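# Secondary and tertiary structure notes
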Amino acid sequence: MLTMNKINKIYQTDMVQTHALRDFDLQVNEGEFIAVTGPSGSGKTTFLNIAGMLEPFSSGQYLLDGVDVGRLNDNQCADLRNQKIGYIFQGFNLIPDLNLYENIEVPLRYRGIKAAERKRRVEQRLEQVGLASRAKHLPQQLSGGQQQRVAIARALAGEPRFLLADEPTGNLDSLMARQVMELLEQINREGATIVMVTHDSELARRAPRNIQVVDGQLADFTLYQGNPAAAVGA
Amino acid sequence: MSELKPIFNALRRSKVGAILLLLQIAITTAIVSNSTFIINEKIAYLDQPTGYSEQDIFSFEVMSFGKDTNFKLQAELDEQALRQIPGVVDAVMIDSVPLSGSGFASTFRLRPTGEKSKGVNASMFQGDEHVLNTFGVKVLEGRNFYQSEIMVTDNYEQYPNIALITKVMADTLFPDGDALGKSIYRGDFPLKIIGITDMMKGPWLSSERKDRSVILPFVMARKLTQFMVRTEPGRRTEVMQQIEPLMLQLDSKRVVENIQGLEQVKDGFVAPDKLTMRMLLVMVVVLTLITALGIFGLTMFNINKRTKQVGTRRALGARKSHIINYFLVESVMICIGGLVLGAVLAVLLGQQLMQHYSIAKLPLLYVGLTALGVLLISVCSVIGPAQRAANISPSVATRTI
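The structure displayed is predicted, hence computed values, not measured ones.

About the cut-offs
- Residues numbered from 1 in each chain as written.
- Chains lettered and ligands numbered in written order.
- Predicted model: local features only at pLDDT ≥ 70, side-chain atom pairs only at ≥ 80, totals over all residues.
- Heavy atoms only, no water.
- Helix = DSSP H or I, 4+ residues; strand = E, 2+ residues; numbered from the N terminus.
- Buried < 20%, exposed > 50% of the residue type's maximum accessible area, 1.4 Å probe, protein only.
- Contact = heavy atoms within 4.5 Å.
- Pairing = 2+ DSSP bridges.
- pLDDT = per-residue confidence, 0-100.
- UniProt positions renumbered as here; feature names shortened; annotations may be inferred.
- Buried area = accessible area lost by both parts, 1.4 Å probe.
- Salt bridge = Lys/Arg side-chain N within 4 Å of Asp/Glu carboxyl O.
- Polar contact = N/O pair within 3.5 Å; in protein donor to acceptor, adjacent residues only side chain to side chain.
- Nonpolar A, V, L, I, M, F, W, Y, C, P; charged D, E, K, R; others polar.
- Axes fitted to C-alpha atoms, helices over the stretch in contact; angles between N-to-C directions.
- Parallel < 35°, antiparallel > 145°, perpendicular 65-115°, else oblique.
- Left-handed = near helix turned anticlockwise from the far one by under 90°.
- Domains from an automatic or database assignment.
- Core = buried A, V, L, I, M, F, W, Y, C linked by side-chain atoms within 4.5 Å.
- Lys, Arg positive; Asp, Glu negative; His and termini not counted.
- Phe/Tyr/Trp six-rings, centres within 6.5 Å; stacked < 30°, edge-to-face > 60°.
- Lys NZ or Arg CZ within 6 Å of the ring centre and 35° of its normal.

## Details of the overall build of chain A
A tally of regular secondary structure across chain A gives eight helices and ten strands. Reported as C-alpha extents along the three principal axes, the dimensions of chain A are approximately 50 × 45 × 35 Å. Burial analysis of chain A (234 residues in total) assigns 54% to the buried set. A fraction of 69% describes how many contacts in chain A between residues 6 or more apart in sequence connect residues 24 or more apart.

Structure, rendered in C-alpha cells:
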C-alpha cells in the first residue's frame with residue numbers, strides 16, 4: 001500500500017541544513033491502522049506531509065499503491081492525492097465560507113464527479129458522521145468535535161484507500177477525542193488504511209500498530225495486536 | 001470543473017470586501033464610459049474640418065491713434081501692400097476672424113421683418129472680393145463679388161444688397177437646392193444670393209450656427225481693424241515677421257498686435273475644451289488604475305487571508321489551475337455584478353449630463369466597451385495574485401499559521 005525506502009528530507013536555508021527525515025523506511029499494508037508518535041520536532045508531520053504528497057522529499061523512493069511518487073509532476077500528485085488519500089487535519093481545516101455540504105463536496109468537485117453522485121456521497125458521509133441534519137450549517141456553528149467529524153466525512157467522501165490523520169484529536173476535549181477515535185476505528189474496520197500522528201499515548205495504544213519517529217528516523221517499532229486494553233498493559 | 005455555486009455562496013457569506021469592490025467597479029464603469037464618450041466627442045469637435053488651411057493663414061489687428069487718418073484710403077493701401085509681400089497668396093481686411101470665438105452674427109429670414117417666414121441665425125463676415133481667396137474657400141455655385149460691388153465706408157448709411165452664403169446655410173433655408181438668385185432678409189434689408197460657398201466655419205466652433213455663414217461686400221474702415229492673410233505653404237512665418245514693420249511704415253500712428261496663425265486663434269478658443277478633455281483623460285486613467293489596484297489588493301488580501309484554505313484545497317486534490325480558476329471566477333463574478341450596476345449607473349449619469357450640460361445621449365456602445373475593458377483589467381489584475389496563490393504549498397495545510 002505504502003512503501004518508503006530511505007526517504008530523506010532536508011530543509012535548506014542560507015545558513016542551516018536540517019535533516020527532517022533520515023533514511024526513513026516504512027511499509028504500510030492495506031487495512032492497517034498505524035499510530036505515529038514521537039517528540040515535537042522529531043519529523044512526524046514531515047513524514048505525514050511526504051506520505052500525503054503535500055511536500056516533496058529530497059531523496060529515496062516512495063511508492064503509493066504501486067505508483068512511484070517521486071516521478072510524478074505537480075498535477076499528477078494533485079490527482080493522486082485526490083483519488084487515494086483522505087487527509088484529516090489537527091485544526092479541521094474546514095473552509096469557513098462553505099457550509100458542511102459544500103465542504104465535503106470540495107474534493108469531489110476536484111475529481112470532476114457529477115452533481116448527482118456528489119450529492120449521494122456527501123449525504124452518505126454526513127449520515128455516517130451523524131450530521132445529516134446540519135448540512136446547511138457553517139463550520140463555525142459547530143463544536144470542535146462536530147467540525148472534526150465533518151473533516152473526516154470530507155476525507156472519506158472521495159472513498160480514498162488511505163487516510164492520513166494529523167493529530168486528529170489534538171484540538172478536542174477527551175470526550176470528543178474518544179468519539180472521533182471511535183469513528184476512525186470504525187472506518188478502519190470498514191477497510192480503510194489509516195496512519196495517524198498523535199501525541200496522545202493513550203490514543204496511540206488503541207491503534208493496532210505503533211511507530212515512533214525520533215530525529216527523523218524510525219526509532220522504535222511496537223506492534224500492538226488485538227485488544228487495545230491488552231496493549232496498554234504490554 | 002464548475003465551482004460557480006460554491007464560489008457565489010462563499011461570496012454571499014463574506015460580502016463586505018466583495019461589495020466594496022463591486023461598487024468601485026460600478027462607479028468606474030459609470031464614470032469611465034461617460035468620460036470616454038465626452039472625450040471622444042471633444043476629439044471629434046477639436047478635429048472637425050474647418051474648411052481652412054489653418055497652417056497657411058494668419059490674422060492681426062491694427063489700432064490707429066492718428067487723428068487725421070483717412071481710414072477708407074488707409075484700408076485700401078494696407079490691403080494692396082499686404083498682397084504685394086512675396087509669399088502672400090491674398091489678404092483682406094475683415095470684421096470677424098473665423099474660429100476665434102469673436103465676431104458678428106444675425107438672423108436671416110426668407111421674408112422681411114413682420115412677415116412670418118423661416119429664418120436662421122448665421123455668422124457674418126464683411127469684407128471685399130478677396131475674402132474667399134484669403135480663406136481658401138471655393139464658390140460652389142454662382143460667383144464671387146466683383147470689385148465694383150464692394151462698399152467701402154466708415155458709416156452704416158449704405159448697406160449691400162447681395163451676399164454669398166455657405167452651402168449648409170443655403171440647404172437649410174432652401175431645402176430644394178434653389179437658393180442661388182433668391183433673396184434673404186436681414187431685418188428689412190434684402191440680400192440677393194449671388195454665390196454659394198464650400199464649407200467655411202464661423203467664429204464659434206461650438207455653436208449650432210458654425211456651418212452657416214453670410215459674406216457681405218462691405219468694408220467698414222475705422223480705428224480698429226483686423227486683417228487676414230493667406231501665404232503660400234511654408235512661408236507664413238517669414239510673412240508674419242514682415243507685418244509689423246510694413247504696417248508701421250505705411251502709417252506710424254498705430255499699433256499692430258495679435259499676429260497669430262489661424263490654428264493658434266482656434267487653440268485659444270478651444271482651450272477650455274482641451275482642458276476638460278485632459279482632465280477627463282486623467283480621471284479615466286486614475287480611476288482605472290485605482291480599480292485595477294483595488295482588484296489586485298483585494299485578491300492579495302484574500303489570498304493572504306486564505307493561505308491555509310488554499311493549502312487545504314491543494315491537499316484535497318486541487319491542481320494549481322483549480323486555484324487560479326477559483327480566484328479568477330470569484331473576481332469575474334464580482335466584476336460582472338459591478339458591471340451590471342455600473343451600466344445602469346452609466347446610463348443614469350449620461351441622462352443627467354444630457355439634461356444639465358447639453359451633452360449628447362450616451363451611446364450604449366461606450367458602456368459595452370468600457371465594461372469589456374474593466375473586465376479585461378479585472379482579469380489581468382487577478383492573474384498575478386492567483387498564480388501566487390496557486391504556488392502556495394499544500395503542506396501549509398498542516399502548519400499552524
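The structure having been displayed, the exposition proceeds.
## Quick notes on the sheet that holds strand β1 (residues 2-12) of chain A
Residues and elements named next belong to chain A. The four strands are arranged β2-β1-β4-β5 in an open sheet whose pairing can be described as antiparallel. Each end of this open sheet is capped by a strand with a single partner; those strands are β2 (17-28) and β5 (67-68). When β1 meets strand β4 (residues 59-64), the two strands line up antiparallel, connected through five bridges. In the strand pairing of β4, N8 is matched with S59.

## Structural notes on the confidence of the model for chain A
Chain-level statistics for chain A give a pLDDT mean of 88 and a share of 94% at 70 or above. Segment residues 226-234 of chain A is flagged for pLDDT under 50; beyond a separation of four residues in sequence, or across chains, it makes six contacts in the model.

## Section: the UniProt feature "domain: MacB-like periplasmic core" (unreviewed entry) in chain B
Per the UniProt record, "domain: MacB-like periplasmic core" (unreviewed entry) is found at residues 29-245 of chain B. Secondary structure within residues 29-245 of chain B divides into 25% helix and 33% strand; the distance between the first and last C-alpha atoms comes to 57 Å.

## Here we look at the interface of chain A and chain B
On the side of chain B, 27 residues touch chain A, which itself brings 26 residues to the contact. Approximately 2,500 Å² of surface area, both sides summed, lies buried where chain A meets chain B, with 52% of it carried by carbon and sulfur atoms. The largest contributions to the chain A side of the interface with chain B come from D97(A), R109(A) and Y110(A), which together make up 30% of the buried area. The interface formed by chain A and chain B contains three salt bridges. Here R13(B) ties to E102(A) by a salt bridge, and the two come within 2.7 Å at their closest N and O atoms. For the pair chain A and chain B, the number of links is twelve residue pairs in polar contact (both at pLDDT 80 or more). Ranked by residues supplied to the side of chain A that touches chain B, first place goes to helix α2 (residues 74-84) of chain A with six residues. Considering only residue class, the side of chain A that touches chain B consists of eleven nonpolar, six polar and nine charged.

## Quick look at the packing of helix α4 (residues 115-128) of chain A against helix α5 (residues 144-157) of chain A
Residues and elements named next belong to chain A. Put simply, α4 and α5 touch, their axes get as near as 9 Å, and they point 140 degrees apart. Accordingly, the angle class assigned to the pair α4 and α5 is oblique. Read as a crossing pair, α4 and α5 show a hand that is right-handed. Contacts from R121, R125 and Q128 of α4 reach α5 at A153, L156 and A157. When the residues that make up the contact of α4 with α5 are grouped by side-chain class, the tally is three nonpolar, one polar and two charged.

## Looking at the domain arrangement of chain B
Per the domain assignment, the segments making up chain B are domain 1 (4-47 + 270-398) and domain 2 (66-252). With centres defined by C-alpha atoms, the gap from domain 1 of chain B to domain 2 of chain B works out at 54 Å.

## Looking at the nonpolar core
Soluble globular proteins tend to pack their nonpolar side chains together in the buried interior. Residues F60(B), L82(B), F135(B) and I243(B) are the most contacted members of the largest nonpolar core, which totals 55 residues. It is helix α7 (residues 262-305) of chain B that provides the largest number of residues to this core, a total of eight residues. When residues of this core are sorted by domain, at least three fall in each of domain 1 (4-47 + 270-398) and domain 2 (66-252) of chain B. Setting aside anything within four residues of it in sequence, one finds F135(B) in contact with G51(B), Y52(B), I57(B), I94(B), P98(B), F125(B), M200(B), M228(B) and R230(B). Counting residues in each nonpolar core, the second largest holds 38 residues, with F33(A), F92(A), A165(A) and I194(A) among its members.

## Considerations on the packing of helix α2 (residues 16-46) of chain B against helix α9 (residues 320-357) of chain B
For any two helices packed against each other, one specifies the inter-axial angle together with the distance between the axes. Residue and element names in this part refer to chain B. Two elements in contact, α2 and α9, have axes whose closest approach is 7 Å; the angle formed by their N-to-C orientations is 40 degrees. As summarised for this structure, α2 and α9 are arranged oblique, according to the angle between their axes. Crossing angle aside, the handedness with which α2 passes α9 is right-handed.

## A look at the side chain of D97(A)
Among the secondary structure elements, D97(A) is positioned in the loop between β6 (85-88) and α3 (100-110). The charged side chain of D97(A) is buried without a salt bridge, its nearest counter-charge being R306(B) at 4.8 Å. If sequence neighbours within four positions are ignored, D97(A) has contacts with E102(A), L138(A), N9(B), A10(B), R13(B) and S14(B).

## Some points on the UniProt feature "transmembrane region" (unreviewed entry) in chain B
UniProt feature "transmembrane region" (unreviewed entry): in the numbering of this structure it lies at residues 279-303, 323-349 and 364-384 of chain B. For residues 279-303 of chain B, the end-to-end C-alpha separation is 36 Å, with 100% helix and 0% strand making up the annotated structure.

## Focus: the packing of aromatic side chains
All told, the structure shown has eleven aromatic pairs over all chains when counted by the stated rule. A ring pair is formed by F60(B) and F227(B), whose centres lie 5.2 Å apart and whose planes are at 15 degrees; its orientation type is stacked. A residue pair is termed long-range when its members are at least 10 positions apart, and F60(B) in strand β1 (residues 57-64) and F227(B) in strand β11 (residues 224-231) qualify at 167 residues. Looking at F60(B), the relative accessible area reads 1%, which means it is buried. Taking relative accessible area as the criterion, F227(B) reaches 0% and is therefore assigned buried. Through successive ring pairs, a cluster of aromatic residues spans Y52(B), F125(B) and F135(B). When the ring centre of Y101(A) is taken as reference, the NZ or CZ atom of K136(A) above it lies at 5.8 Å. When the ring centre of Y146(B) is taken as origin, the NZ or CZ atom of R143(B), which lies over that ring, is 4.0 Å away.

## What to know about the pattern of salt bridges
Under the criterion given, the structure shown has 32 salt bridges over all chains. Here D90(B) ties to R83(B) by a salt bridge, and the two come within 3.3 Å at their closest N and O atoms. A relative accessible area of 4% places D90(B) in the buried class. Measuring nitrogen to oxygen at the nearest pair gives 2.6 Å for the salt bridge that ties R143(B) to E149(B). Looking at R143(B), the relative accessible area reads 26%, which means it is partly exposed. What emerges from the salt-bridge pattern is a single network uniting E30(A), D65(A), K84(A) and R161(A).

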